[in-house]
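Examination of the molecular architecture
The chain contents come next:
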Amino acid sequence: MDTNKIKVIDSHTAGEPTRVVVGGAPDLGTGNMTDLRDRFEEKAHWLRTALLSEPRGFKAMVGALLCEPVDTKCVAGVIFFNNSGVLKGCIHGTMGLIKTLEFMGRISTGTHYIETPVGMIKAELKPDGSVSVTNVPSYRYLSNVEIEVKGFGKVLGDVAWGGNWFYLIEGYGPEIKLSNLNELSSFSIAAMEALEVANVFGDDGSKIDHVEIFGPPADSLKSDSSNFVMCPGGEYDRSPCGTGTSAKLACLHTSGKLKPGQIWRQSGILGTIFEGEVEPLEDQKVIPTVSGRAWVNGETNIMIDPSDPFRFGIG
């Protein structure tokens with residue numbers, strides 16, 4: 001009986017888990033990260049479900065496959081995935097990947113480049129252990145988009161790109177606090193469904209697969225805003241969400257509410273905080289930089305035993 005071993009290193013970023021595959025993954029061949037991402041979903045779907053589903057994982061966990069980069073400037077390439085499929089980008093996962101590479105002895109403090117399916121990402125590992133990630137160009141695509149959310153009525157929000165597509169809502173829905181978790185989840189999932197019914201998509205025709213709800217901060221001395229982020233697959237982001245923070249920063253700048261270099265402190269549903277700032281580009285686009293903290297919290301071999309009925313996960 002042959003048992004495959006998949007070596008992983010686990011971390012969490014502001015509460016949101018990342019599981020990095022560092023050994024034992026199937027060979028996806030060569031190519032850029034977009035090619036490998038498509039190949040991963042086609043040929044290695046079983047790895048995603050095995051790592052992120054019960055009994056080994058859970059639905060909120062994000063996976064990251066460590067790859068060889070095409071660009072020699074980059075220290076690594078990466079493909080991110082979650083319980084519903086492959087992802088375009090993931091800032092919290094990039095922070096977790098940077099701390100993982102440090103744990104492996106592959107990098108130390110300083111600036112490093114990561115190749116992703118949405119482009120090259122710059123990350124700085126700081127002496128205090130925090131990580132700053134300079135994201136891809138982000139922008140608000142549509143403003144004041146009206147949808148009819150089942151059970152809640154009319155809702156207005158913005159559509160923005162921050163490495164993933166987001167529908168950003170403020171002034172509607174349940175109060176943002178952990179005790180309202182079920183209500184927030186139901187509202188945001190209903191909003192995601194309403195976007196499809198209303199034929200609201202990103203400017204490239206992509207599905208808007210993240211919903212982000214904003215409210216006042218629990219402690220205005222620590223943050224400027226609180227948020228709740230629903231991800232594709234029906235699980236909420238435990239962190240303030242890096243790509244979601246990027247989308248928010250783009251909207252704030254376009255509305256004249258955030259100046260270049262001004263720090264925005266975004267708290268998530270657990271009260272953890274990301275800090276962000278923008279560098280403006282042409283056409284109302286910005287380059288966001290998002291900073292936060294991640295911690296490595298596990299290293300293990302995942303066993304894929306052919307006799308195990310749940311070797312590829314439950315469900």
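So, here is what we can say about the structure in this document. Quantities reported herein were computed from a predicted structural model and do not represent experimental measurements.

Helix and strand content of the protein: five helices and 17 strands. In terms of C-alpha radius of gyration, the protein reaches 19 Å, essentially the compact-globule figure of 20 Å for 315 residues. In terms of overall dimensions, the protein has a C-alpha envelope of 60 × 45 × 35 Å along the principal axes. Counting only residues that meet the buried cut, the protein has 53% of its 315 residues in that class. Of all intrachain contacts in the protein linking residues separated by at least 6 positions in sequence, the fraction that spans at least 24 positions is 61%. Carbon and sulfur atoms provide 47% of the accessible area of the protein, an area that totals close to 13600 Å². Separation between the mean location of the 29 positive side-chain charges and that of the 39 negative ones in the protein comes to 2 Å.

What follows deals with the side chain of R37. Position of R37 relative to the elements: it lies in helix α1 (residues 33–43). Setting aside chain neighbours within four positions, we find R37 in contact with I79, V86, L87, K88 and P117.

Another aspect to go through is helix α5 (residues 242–254). It helps to recall that an α-helix has 3.6 residues per turn; residues three or four apart then point in one direction. Taking 1.5 Å of rise per residue, the 13 residues of α5 would be expected to cover 18 Å, and the 18 Å separating its terminal C-alpha atoms lies within 8% of that figure. Buried residues dominate α5, accounting for twelve of its 13 residues. All of the buried residues in α5 are G242, T243, G244, T245, S246, A247, K248, L249, A250, C251, L252 and H253. After α5 finishes, the residue G256 shows a positive phi value of roughly 75 degrees.

What follows is about the environment of P127. Within the secondary structure layout, P127 lies in the loop between β7 (119–125) and β8 (131–134). It is 6.0 Å that separates the C-alpha atoms of P127 and T109, two residues lying 18 residues apart in sequence.

Right, let's get into the packing of aromatic side chains. Within this structure, the stated rule accounts for seven aromatic pairs. Between F152 and F187, the aromatic rings sit 4.7 Å apart at their centres with planes inclined by 80 degrees, giving edge-to-face as the arrangement. In this pair, F152 sits in the loop between β9 (139–149) and β10 (153–161) while F187 sits in helix α4 (residues 181–197), placing the two residues 35 residues apart along the sequence. Through a chain of ring-to-ring contacts, the aromatic side chains of Y139, Y141, W161 and W165 assemble into a single cluster. Taking the ring centre of F214 as reference, the NZ or CZ of K248 above it sits at 4.2 Å.

This part covers the nonpolar core. Residues M95, I147, V149, Y167, V211 and F228 are the most contacted members of the largest nonpolar core, which totals 59 residues. Look past the residues within four positions of M95 in its chain and what remains in contact with it is T13, V131, V133, F274, V290, S291, G292, R293 and A294. Formed by 19 residues, the second largest nonpolar core is a distinct cluster that contains M33, F40, A44 and L65.

Take the pairing of strand β16 (residues 286–292) next. Within a regular strand, side chains alternate between the sheet's two faces. Across the seven residues of β16, six count as buried, placing the element largely inside the fold. Of the pairings in the sheet, the one linking β8 to β16 comprises four bridges and is antiparallel in character. Within the sheet, the bridge partner assigned to T134 lies in β16 and is T289. As judged from the six bridges shared by strand β15 (residues 273–280) and β16, these two strands associate in the antiparallel manner. Bridge assignment links P280 to a residue of β16, and that residue is V286. Counted between consecutive antiparallel strands, the loop separating β15 from β16 contains five residues, among which D283 sits at a positive phi close to 60 degrees.

Quick look at the pattern of salt bridges now. Scanning the model with the defined rule gives eleven salt bridges in all. In this structure, the salt-bridge partner of E102 is K99, at a minimum N-O distance of 3.0 Å. Taken together, the positions of E102 and K99, both in helix α3 (residues 91–103) and three residues apart, correspond to about one turn of that helix. The partly exposed category is assigned to E102, whose relative accessible area is 31%.

This part takes up the state of the cysteines. Summed over all chains, the structure comprises zero disulfides. The cysteine C231 is free of any disulfide, with C241 supplying the nearest cysteine sulfur at 5.7 Å.

Before going further, it helps to examine unusual backbone geometry. Residue P55 is bonded to the preceding E54 through a cis peptide linkage, with omega at 10 degrees. Even without glycine at this site, A14 takes up a positive phi of about 55 degrees. On the secondary structure map, A14 appears in the loop between β1 (4–13) and β2 (16–23). Although it is not a glycine, C241 adopts a positive phi angle of roughly 75 degrees. Inspection of the secondary structure assignment puts C241 in the loop between β13 (225–230) and α5.

A separate point is α3. With 13 residues, α3 ought to run about 18 Å at 1.5 Å a step, and its terminal C-alpha atoms sit 18 Å apart, in line with that. Counting buried positions over the 13 residues of α3 gives eleven, a clear majority of the element. Within the sequence span of α3, burial applies to I91, H92, G93, T94, M95, G96, L97, I98, K99, T100 and L101. In the stretch just after α3, G105 is the one whose phi turns positive, near 80 degrees.

The subject of this paragraph is the pairing of β9. Bridge count for β9 against β10 is eight bridges, and the pairing is antiparallel. By the bridge assignment, L142 is partnered in β10 with V159. Turn length for the β9-β10 hairpin, with the two strands adjacent in sequence and antiparallel, is three residues, and the turn residue G151 shows positive phi of about 85 degrees.

Procedures and definitions
Residues numbered from 1 in each chain as written. Predicted model: local features only at pLDDT ≥ 70, side-chain atom pairs only at ≥ 80, totals over all residues. Heavy atoms only, no water. Helix = DSSP H or I, 4+ residues; strand = E, 2+ residues; numbered from the N terminus. Rg over C-alpha atoms; globule rule 2.2 N^0.38 Å. Buried < 20%, exposed > 50% of the residue type's maximum accessible area, 1.4 Å probe, protein only. Contact = heavy atoms within 4.5 Å. Areas by Shrake-Rupley, 256 points an atom, 1.4 Å probe, with all protein chains shown as cover. Lys, Arg positive; Asp, Glu negative; His and termini not counted. Charge placed at Lys NZ, Arg CZ, Asp CG, Glu CD. Expected span 1.5 Å × (residues − 1). Phe/Tyr/Trp six-rings, centres within 6.5 Å; stacked < 30°, edge-to-face > 60°. Lys NZ or Arg CZ within 6 Å of the ring centre and 35° of its normal. Core = buried A, V, L, I, M, F, W, Y, C linked by side-chain atoms within 4.5 Å. Pairing = 2+ DSSP bridges. Salt bridge = Lys/Arg side-chain N within 4 Å of Asp/Glu carboxyl O. Disulfide = S-S within 2.5 Å.

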